[in-house]
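As a plain string of letters, each chain reads:
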Number of protein chains: 4
Amino acid sequence: MLKLDSDYMEGCHPNILEKLAEINFEKNAGYGTDGYSKSAKEKILKACGLENGDVYFISGGTQANMTIISSILKPYESVVAVESGHISTHEAGAIEATGHKVSTISGVDGKMEAKNLSRFLKDFNDDENNEHTVFPKLVYISMPTEFGTIYSKRELEEIYNVCQKYNVYLMVDGARLGYGLVCDECDMDISFLANSCDIFYIGGTKVGALFGEAIVMKEKDFIPHFKTMIKQRGALLAKGWLLGLQFDVLFSDNLYFKIAENAIDKAKKLKKIFIEKGYKLYINSPTNQIFVIIENEKIKKLRENVSFSFWEKYDGKSSIVRFVTSWATKDEEIEKLEKYL
Amino acid sequence: MLKLDSDYMEGCHPNILEKLAEINFEKNAGYGTDGYSKSAKEKILKACGLENGDVYFISGGTQANMTIISSILKPYESVVAVESGHISTHEAGAIEATGHKVSTISGVDGKMEAKNLSRFLKDFNDDENNEHTVFPKLVYISMPTEFGTIYSKRELEEIYNVCQKYNVYLMVDGARLGYGLVCDECDMDISFLANSCDIFYIGGTKVGALFGEAIVMKEKDFIPHFKTMIKQRGALLAKGWLLGLQFDVLFSDNLYFKIAENAIDKAKKLKKIFIEKGYKLYINSPTNQIFVIIENEKIKKLRENVSFSFWEKYDGKSSIVRFVTSWATKDEEIEKLEKYL
Amino acid sequence: MLKLDSDYMEGCHPNILEKLAEINFEKNAGYGTDGYSKSAKEKILKACGLENGDVYFISGGTQANMTIISSILKPYESVVAVESGHISTHEAGAIEATGHKVSTISGVDGKMEAKNLSRFLKDFNDDENNEHTVFPKLVYISMPTEFGTIYSKRELEEIYNVCQKYNVYLMVDGARLGYGLVCDECDMDISFLANSCDIFYIGGTKVGALFGEAIVMKEKDFIPHFKTMIKQRGALLAKGWLLGLQFDVLFSDNLYFKIAENAIDKAKKLKKIFIEKGYKLYINSPTNQIFVIIENEKIKKLRENVSFSFWEKYDGKSSIVRFVTSWATKDEEIEKLEKYL
Amino acid sequence: MLKLDSDYMEGCHPNILEKLAEINFEKNAGYGTDGYSKSAKEKILKACGLENGDVYFISGGTQANMTIISSILKPYESVVAVESGHISTHEAGAIEATGHKVSTISGVDGKMEAKNLSRFLKDFNDDENNEHTVFPKLVYISMPTEFGTIYSKRELEEIYNVCQKYNVYLMVDGARLGYGLVCDECDMDISFLANSCDIFYIGGTKVGALFGEAIVMKEKDFIPHFKTMIKQRGALLAKGWLLGLQFDVLFSDNLYFKIAENAIDKAKKLKKIFIEKGYKLYINSPTNQIFVIIENEKIKKLRENVSFSFWEKYDGKSSIVRFVTSWATKDEEIEKLEKYL
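Conventions adopted
Residues numbered from 1 in each chain as written. Chains lettered and ligands numbered in written order. Predicted model: local features only at pLDDT ≥ 70, side-chain atom pairs only at ≥ 80, totals over all residues. Heavy atoms only, no water. Contact = heavy atoms within 4.5 Å. Buried area = accessible area lost by both parts, 1.4 Å probe. Salt bridge = Lys/Arg side-chain N within 4 Å of Asp/Glu carboxyl O. Helix = DSSP H or I, 4+ residues; strand = E, 2+ residues; numbered from the N terminus. Buried < 20%, exposed > 50% of the residue type's maximum accessible area, 1.4 Å probe, protein only. Least-squares fit on C-alpha atoms with pLDDT ≥ 70 in both. Polar contact = N/O pair within 3.5 Å; in protein donor to acceptor, adjacent residues only side chain to side chain. Phe/Tyr/Trp six-rings, centres within 6.5 Å; stacked < 30°, edge-to-face > 60°. Lys NZ or Arg CZ within 6 Å of the ring centre and 35° of its normal. Pairing = 2+ DSSP bridges. Axes fitted to C-alpha atoms, helices over the stretch in contact; angles between N-to-C directions. pLDDT = per-residue confidence, 0-100. Disulfide = S-S within 2.5 Å. Domains from an automatic or database assignment. Arc of directions from axis to C-beta.

## Things to note about the interface of chain B and chain C
- Taken residue by residue, the interface counts 49 residues in chain B and 49 residues in chain C.
- Overall, the association of chain B and chain C removes approximately 4,100 Å² of surface from exposure, summing both partners, and the carbon and sulfur fraction of that is 60%.
- When the buried surface of chain B facing chain C is broken down by residue, B:Tyr8, B:Lys27 and B:Lys239 rank first, second and third, together holding 19% of it.
- Here chain B and chain C share four salt bridges between them.

Below you can see the structure in the form of structure tokens.
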């Protein structure tokens with residue numbers, strides 16, 4: 001069975017396994033106070049061009065989102081996201097479970113538009129009765145988005161400008177950040193991103209780590225007692241060094257970005273095949289998630305040999321499905337798929 | 001200054017004040033265990049035609065909504081409402097603060113459509129990934145709605161049928177219930193309503209009481225330990241007899257419905273005047289809230305003599321504003337407004 | 001049946017009912033923006049000697065506690081109370097339901113001791129692992145306490161000094177404040193209290209109002225957007241003027257304190273009778289709650305004629321029960337009880 | 001530096017690393033639907049003698065506790081633990097952050113006593129006012145406890161009997177379960193434990209895994225939609241197979257229990273040394289945590305060469321400190337410590 005469901009199906013870059021084996025019986029301090037975490041933090045801050053920043057490591061994306069958001073917001077404040085945002089849809093109400101509304105605005109191809117956000121925030125400010133509503137205080141975007149699309153430098157800047165004008169914070173969900181930053185269409189690097197928002201995270205789980213996300217904040221004290229908040233949300237790993245070590249390897253010699261390129265290379269090949277075979281793309285994603293409209297009959301048949309994700313119904317006869325490549329995808333897999341199509 | 005902002009501006013029906021004065025030094029048991037609460041409960045259940053039902057009294061609408069919803073839902077479940085629903089907008093995130101998402105669907109003139117709800121619930125059931133999302137388990141509608149519109153018997157039945165088909169509960173926010181049930185267009189009575197949902201409440205604050213809402217559930221044990229939940233949400237009045245007494249008076253000799261008629265009578269006159277004077281109604285509400293589109297200049301001028309509510313911007317030049325009548329509105333007030341227009 | 005269960009059994013001081021009747025058809029602005037609320041606020045601040053303070057009115061004690069505490073604390077912070085504190089015991093987990101731990105320390109006769117609090121806060125600060133625990137940030141005491149006891153000026157000052165030393169806030173639950181401040185043993189007035197804590201509330205429900213508590217904060221901006229927090233907790237009464245009016249009456253001509261004296265007078269008579277009849281007091285309360293140890297057999301017999309509260313088991317044969325007087329208790333009631341004993 | 005701080009300082013059993021390397025480029029389904037998780041689940045259920053049970057894997061202990069507890073309890077229900085319980089102290093308010101009170105009772109050497117629990121539950125049931133308090137519905141104990149002590153079969157049975165008598169559930173925190181079950185004093189096996197509670201978890205993080213805990217419930221449907229609850233709490237690892245694989249290895253050939261023995265062996269040697277050198281043990285723990293009372297001066301000196309945990313102050317001159325062995329501790333470490341003492 002050929003598997004193109006997602007980018008979390010393989011293990012990790014071999015360098016990480018090697019390092020894990022090497023230091024297996026070394027004794028490291030707990031809860032992120034170890035040397036690997038320290039080293040990883042320094043490398044990440046350097047890559048991000050952040051002198052006063054700070055870095056925390058946690059296990060997964062939903063965990064990162066809920067911990068960050070519930071740490072920043074006061075009880076009467078909400079986070080603003082597009083309707084297709086991960087926190088709006090596929091986190092089982094994790095944000096609301098911490099007491100906060102996700103205020104949604106409509107997006108385009110998974111992206112938030114600065115003018116739309118601006119209108120939303122202006123309307124809130126103009127509302128004579130806004131004391132009776134939640135106060136938007138944080139904006140959530142994903143890079144790349146849930147549809148594999150990316151923001152340009154200009155687009156991100158515009159959004160951050162709107163945020164600053166209305167005194168709200170900006171966070172970027174980078175669960176697939178590597179794939180977003182290395183794709184051909186991307187005109188920004190991690191340093192630009194890091195300086196164009198208040199807090200973001202670098203996804204490891206889907207980009208070469210066994211698991212783990214690195215939360216980066218532009219200013220060290222952006223969130224007071226964040227470690228205790230991480231603990232409270234069940235997200236403080238006793239063996240924090242496990243996470244530190246992985247990011248230390250990934251941020252050595254630019255490994256994180258180098259390996260991300262493979263996913264993009266394979267995704268481009270995949271896209272080309274679909275187009276040549278006459279399939280219609282639902283969205284022209286420049287990253288590693290390819291959304292294709294396929295007839296339901298064909299989907300059923302294809303699933304005999306390939307696993308991939310159902311996204312949503314397109315019309316009575318067809319559906320939108322998703323194929324995903326990763327840092328580890330091989331050319332043979334793409335070739336196999338071509339045959340099955 | 002003529003005041004037509006809302007229906008919570010006056011006190012209460014004089015019968016209530018009289019009764020309060022009469023029994024002021026009587027000693028009553030606390031927390032709703034008194035005789036007035038018992039009597040009011042019996043009268044309400046009789047009016048509702050509910051043999052196995054139960055009634056609880058609490059102070060206000062948002063309190064009723066948050067207490068009911070957080071008592072019914074499991075942590076991973078959500079309540080479904082239209083985008084203009086009170087819980088979706090003007091309760092300062094009260095529902096989310098109890099940990100639950102308000103899943104919104106679009107409505108028409110403030111009303112939920114059965115077919116729209118059906119599609120939403122079907123989509124949820126069909127979604128292969130719904131384990132990653134919240135589970136809709138309760139539907140919230142308002143009667144009358146936030147725009148003063150009402151459901152017909154057929155519409156309510158259709159919605160309840162959809163709910164039962166998908167095994168979700170139905171609650172009705174009746175903060176202005178009296179005005180909805182007595183208006184000309186309404187084809188249902190309180191007994192029909194009570195038997196066409198799982199739980200609803202009868203608004204007293206806006207319909208003749210000093211304050212208070214009566215929560216009515218069709219089955220006695222619909223919510224286990226509801227009294228403790230009411231306590232936990234800060235909604236258990238020590239002097240529960242205050243609420244019981246008010247509803248006991250309002251449900252004697254049909255008083256609640258009789259006094260509601262006055263608001264409808266005055267609202268009809270108001271509407272007639274606006275139409276005759278060439279104003280455009282935003283929504284043709286049959287109840288006591290009249291939404292009118294007025295030029296901003298005119299609004300400013302009108303506010304020198306009349307207070308009313310800004311609703312939202314209509315276009316660059318005009319806004320939607322709201323005028324509200326109540327059980328206590330007098331003909332003179334309507335006549336005064338006519339002069340100012 | 002003679003009823004001495006609690007001080008929330010009667011209605012309100014007649015002046016309030018009169019005023020309610022007088023202005024019943026007056027139209028007042030909603031949500032606490034009316035003139036009565038404004039006037040009451042000014043009178044209260046004057047009585048409290050607070051120039052930069054602020055006042056909010058809400059319906060009940062548990063509601064006040066949960067709204068205040070959840071507004072002040074960050075998610076990782078806790079409130080400290082004695083084990084017998086109302087928030088630790090009889091609020092059905094209302095504080096925890098807002099996400100916060102109630103950290104308990106032992107008290108003496110319902111009172112917190114400064115030295116005990118100091119030790120608790122010092123231990124927290126000295127704990128090398130306190131990043132893994134909640135951070136105490138607010139101290140909760142009651143005046144009078146749940147056992148009817150009161151703090152002296154010196155005791156309150158000492159507690160507030162400890163709070164300030166450790167940079168935590170102090171709140172005082174004054175659900176029965178009137179009875180505490182007018183009793184013979186009390187050496188402080190409301191102004192001293194108001195200046196010896198960060199926030200407190202003046203109980204109306206049990207001291208002459210129909211219902212309602214006045215939350216007083218020493219500094220106007222102590223809690224940002226408190227009104228929205230009140231709304232979110234379901235505690236923002238549409239007819240806020242109902243509460244404002246009651247406190248406006250109670251804080252005219254010192255009425256609140258004058259009527260409180262009656263409860264103390266009756267409680268002293270009650271205590272005298274119990275002592276003369278050879279009963280043992282569980283606690284020598286100087287206010288309106290009298291705790292007596294009575295044999296279970298005798299309790300059963302007494303309950304044929306008198307209702308009062310069971311407090312807790314004392315030993316196998318006796319129990320602690322509570323008798324409560326109020327601003328409205330009459331001499332006849334005390335005389336009746338004497339006969340039944 | 002010799003490190004005896006805790007049992008989470010080393011990596012994992014080499015078999016796990018080998019297996020991880022072996023299947024690194026295999027593609028596995030996400031969110032725990034993979035074959036390794038299935039296999040691990042079967043092995044664990046077999047070891048537990050549970051035919052209708054179920055197993056879920058998550059990352060850490062606090063995460064397990066908060067997810068289990070918030071899934072079982074209704075909003076008005078509490079979990080009961082001893083004062084030294086992990087959820088009562090060192091989880092940064094994680095349980096309260098999900099809305100639930102941790103009701104504490106006093107324990108002995110970290111253990112809950114059946115008679116104490118029984119009294120607590122009886123008092124709750126006898127309390128005429130218990131509608132105003134939280135309802136205890138779940139009992140939390142740790143095996144071994146936070147002080148390294150263990151329950152005997154009889155003690156566990158007695159506690160479970162009390163739970164069943166009062167219709168409350170029993171959960172066992174087994175973060176260090178392996179060390180508890182293999183120590184000399186233990187008279188139960190995992191099957192006895194699994195059948196003497198409703199839900200428990202097997203700690204991997206501290207007993208041979210890189211990270212991960214296996215939650216075991218006696219009945220498959222004990223918690224409905226538990227997977228969605230795990231997702232909501234941020235605890236659903238995309239690469240769930242990482243956890244499944246580790247437990248699959250640990251539950252092959254009894255590995256989990258075999259490697260646990262090493263920690264016990266080393267702890268016994270450690271204890272012997274302390275006793276021979278004249279140190280006083282704070283608690284005579286039979287497992288891998290050794291609590292010793294040492295003079296503060298000596299602690300300071302010792303810390304030049306050895307790292308270990310400060311527990312709490314003992315008196316003005318001495319403190320309680322903790323030394324911990326693990327599945328990976330070597331004899332050389334113990335010998336080194338002997339020299340430094």
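Having seen the model, we can carry on.
## Structural notes on the pattern of salt bridges
Residue and element names in this part refer to chain A.
- Evaluation of the coordinates by the stated rule reveals 84 salt bridges over all chains.
- Linking Asp54 and Lys41 is a salt bridge whose minimum nitrogen-to-oxygen distance equals 2.9 Å. Residue Asp54 is found in strand β2 (residues 54-58), and its partner Lys41 is found in helix α2 (residues 35-48); the two are separated by 13 residues along the sequence.
- Take Asp54: its relative accessible area is 7%, and that puts it in the buried class.
- As a salt-bridge pair, Asp331 and Lys269 come within 3.0 Å of each other at their nearest N and O atoms. With a gap of 62 residues between them, Asp331 in helix α14 (residues 331-340) and Lys269 in helix α12 (residues 255-276) connect regions that are remote in the sequence.

## So, the relation of the copies chain D and chain A
- Superposition of chain D onto chain A requires a rotation of 180° combined with a translation of 0.0 Å along the rotation axis, giving an RMSD of 0.0 Å. Here the copies are linked by what is in effect a two-fold axis.
- In this assembly the copies share their binding face: 100% of the residues contributing to the interface of chain D also contribute to that of chain A.

## Topic: the side chain of D:Ser6
- Examined against the element boundaries, D:Ser6 turns out to sit in the loop between β1 (2-3) and α1 (14-22).
- A polar contact is formed between the side chain of D:Ser6 and the side chain of D:Asp7, at a distance of 3.2 Å.

## Considering the packing of aromatic side chains
- Counted by the stated rule, this structure contains 70 aromatic pairs over all chains.
- Considering the side-chain rings of C:Phe291 and C:Trp311, the 5.2 Å spacing of their centres and the 70° angle between planes classify their relative orientation as edge-to-face. You can see C:Phe291 sitting in strand β10 (residues 289-295) and its partner C:Trp311 sitting in strand β12 (residues 309-313), a full 20 residues away along the chain.
- Connected via pairs of aromatic rings, a cluster forms that spans A:Phe147, A:Tyr282, A:Phe291 and A:Trp311.
- Between B:Lys111 and the ring centre of B:Tyr151, over which it is positioned, the NZ or CZ distance is 5.6 Å.

## Some details on the sheet that holds strand β5 (residues 135-142) of chain B
Residue and element names in this part refer to chain B.
- Read from one edge of the open sheet, seven strands run β2-β8-β7-β6-β5-β3-β4, paired in mixed fashion. Of all the strands in the sheet, the pair left with one neighbour each is β2 (54-58) and β4 (102-105). Put simply, the sheet's adjacent strands are angled 25° from each other on average, direction ignored.
- With five bridges joining them, β5 and strand β6 (residues 169-173) adopt parallel strand pairing. The partner of Val139 across the bridge, within β6, is Leu170.
- Contacting β2, β7 (199-203) and β8 (213-217), helix α2 (residues 35-48) crosses the sheet at an angle of about 125° to β2.

## Details of the environment of B:Ser59
- Note on placement: B:Ser59 falls in the loop between β2 and α3 (61-72).
- B:Ser59 gets classed as buried once you look at its relative accessible area, which sits at 3%.
- Along the chain, B:Ser59 and B:Gly203 lie 144 residues apart, while their C-alpha atoms are 9.7 Å from each other.
- When neighbours within four sequence positions are excluded, B:Ser59 is seen to be in contact with B:Thr205, B:Phe211, B:Gly212, B:Glu213, B:Leu237, B:Leu243 and C:Leu237.

## With respect to the interface of chain D and chain A
- Of the residues lining the interface, 49 residues belong to chain D; the matching set on chain A comes to 49 residues.
- Summed over both sides, the interface of chain D with chain A buries roughly 4,100 Å², with 60% coming from carbon and sulfur.
- Considering only the surface of chain D that becomes buried against chain A, D:Tyr8, D:Lys27 and D:Lys239 emerge as the three largest contributors, covering 19% of it.
- There are four salt bridges connecting chain D and chain A.
- Of the charged contacts in the structure, one is a salt bridge between D:Glu10 and A:Lys27, with a shortest N-O distance of 3.5 Å.
- At the junction of chain D and chain A, the tally comes to 24 residue pairs in polar contact (both at pLDDT 80 or more).
- Considering every element that reaches the side of chain D that touches chain A, the biggest residue donor is α1(D), with four residues.

## Overview of the relation of the copies chain B and chain C
- Superposition record for chain B on chain C: RMSD 0.0 Å, screw rotation 180°, translation along axis 0.0 Å.
- Looking at chain B, 100% of its interface residues are interface residues in chain C too, so the copies touch through the same face.

## Some thoughts on the pairing of strand β12 (residues 309-313) of chain D
All names here are of chain D.
- As judged from the four bridges shared by β12 and strand β13 (residues 318-324), these two strands associate in the antiparallel manner. Its bridge partner being in β13, Phe310 is matched across the sheet by Val321.
- Counting the residues in the hairpin turn of β12 and β13 gives four residues.

## Section: the confidence of the model for chain A
- Model confidence for chain A is summarised by a mean pLDDT of 97, while 100% of its residues fall at 70 or above.
- Quick note on the complex model: pTM equals 0.98, ipTM equals 0.97.

## Comments concerning unusual backbone geometry
- In the segment running from A:Met143 into A:Pro144, the intervening peptide bond is cis, with an omega of -10°.
- Assignment of secondary structure puts A:Pro144 in the loop between β5 (135-142) and α7 (153-165).
- Unlike most non-glycine residues, C:Asn167 shows phi in positive territory, near 60°.
- Along the chain, C:Asn167 falls in the loop between α7 (153-165) and β6 (169-173).
- On the basis of relative accessible area, C:Asn167 is assigned to the exposed category, the value being 54%.
- Phi at D:Asp109 is positive, roughly 55°, even though this residue is not glycine.
- Here D:Asp109 lies in the loop between β4 (102-105) and α6 (114-126).

## Observations regarding the environment of A:Ile294
Residues and elements named next belong to chain A.
- Locating Ile294 in the fold gives a position in strand β10 (residues 289-295).
- Sequence separation between Ile294 and Glu155 is 139 residues, and the spatial gap between their C-alpha atoms is 31 Å.
- If we ignore the near neighbours within four places in the chain, the residues touching Ile294 are Phe274, Tyr279, Ile299, Leu302, Ser318, Ser319, Val321 and Phe323.

## Description of the state of the cysteines
- This structure, assessed with the given rule, holds zero disulfides over all chains.
- No disulfide involves C:Cys12; its nearest neighbouring cysteine sulfur is the one of B:Cys12, lying 12 Å away.

## Regarding the domain arrangement of chain A
All names here are of chain A.
- Parsing chain A into structural domains produces domain 1 (2-7 + 258-340) and domain 2 (14-255).
- On a C-alpha basis, the centres of domain 1 and domain 2 stand 27 Å from each other.
- Residue-level contacts link 21 residues of domain 1 with 25 residues of domain 2.
- Both faces combined, the contact of domain 1 with domain 2 buries some 1,900 Å², and carbon together with sulfur accounts for 62% of it.

## A closer look at the sheet that holds β10(A)
Residues and elements named next belong to chain A.
- Taking strand neighbours across the sheet as the criterion, the four strands line up as β9-β10-β13-β12 in an open arrangement whose pairing is antiparallel. This sheet does not close on itself; its edge strands, each paired only once, are β9 (280-283) and β12 (309-313). Taking each pair of neighbouring strands and ignoring which way they run, the sheet shows an average axis angle of 40°.
- When β9 meets β10, the two strands line up antiparallel, connected through three bridges. Note that in β10 the partner of Leu281 across the bridge is Val292.

## Re helix α1 (residues 14-22) of chain C
- C:Ile16, C:Leu17 and C:Leu20 are the residues of α1(C) that are buried. Axial view of α1(C): buried residues confined to an arc of 100°, hence all on one face. Facing away from the buried side of α1(C) by more than 90 degrees, the exposed set consists of C:Glu18 and C:Glu22.
- In this structure, the buried side of α1(C) is in contact with α1 (14-22) of chain B together with α11 (240-250) of chain C.

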